[in-house]
Amino acid sequence: MNDGFELADKQPPQRQLGLDNQVLEFFRQWHLSGVYLCCTTCGNGQKASDANLPFLHKDSCLRADPQHFPWRDLACILQWIPSEDVVYI
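Please read these numbers as outputs of a predicted model, since none were measured by experiment.

K.L.:
Hey, could you run me through helix α1 (residues 19–29) in this one?
P.N.:
Working note: α-helix, 3.6 residues per turn, so residues spaced by three or four point in the same direction. For α1, the full list of buried residues reads Leu19, Gln22, Phe26 and Gln29. In a view along the axis of α1, the buried residues occupy a sector of 90°, so they form one face of it. With respect to the buried face of α1, the exposed residues turned more than 90 degrees away are Asp20 and Arg28. Considering only its buried residues, α1 is in contact with β1 (30–33), β2 (36–39) and α2 (70–78).

Structure, rendered in structure tokens:
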């Protein structure tokens with residue numbers, strides 16, 4: 001299962017959903033709690049230091065997928081945060 005975010009997808013968000021929309025879509029499925037990124041469906045969490053491991057959902061979670069790497073997905077989105085010298089018009 002894919003949450004719509006691909007590491008291989010290097011298109012700037014202006015050509016996709018737009019940065020703000022990508023962030024909003026991501027956080028409909030995940031939320032941050034301290035150092036944990038948590039599934040909004042099952043509530044399981046994963047520490048940032050475990051980002052290289054697949055996310056472990058609860059067995060009953062409808063979003064359970066051995067290929068979920070939400071920290072990597074978030075990193076892909078955040079790579080498009082503009083630096084201080086970039087202005088979008």
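K.L.:
Looking at this structure, I do not really get the packing of aromatic side chains. What am I missing?
P.N.:
Each aromatic ring pair is summarised here by two numbers: the centre-to-centre distance and the angle between the ring planes. Under the criterion given, the structure shown has three aromatic pairs. Note on phenylalanine 26 and phenylalanine 27: the rings are 5.0 Å apart at their centroids and 85° apart in plane angle, and the pair reads as edge-to-face. Phenylalanine 26 sits in the buried class, given a relative accessible area of 0%. Overall, the relative accessible area of 32% leaves phenylalanine 27 in the partly exposed class. In this structure an aromatic cluster arises from ring pairing among Phe26, Phe27, Trp30 and Phe55. Above the plane of the ring of tryptophan 30 lies arginine 63, whose end atom (NZ or CZ) is 4.6 Å from the centre.

Definitions and cut-offs
Residues numbered from 1 in each chain as written. Predicted model: local features only at pLDDT ≥ 70, side-chain atom pairs only at ≥ 80, totals over all residues. Heavy atoms only, no water. Buried < 20%, exposed > 50% of the residue type's maximum accessible area, 1.4 Å probe, protein only. Helix = DSSP H or I, 4+ residues; strand = E, 2+ residues; numbered from the N terminus. Arc of directions from axis to C-beta. Contact = heavy atoms within 4.5 Å. Phe/Tyr/Trp six-rings, centres within 6.5 Å; stacked < 30°, edge-to-face > 60°. Lys NZ or Arg CZ within 6 Å of the ring centre and 35° of its normal.

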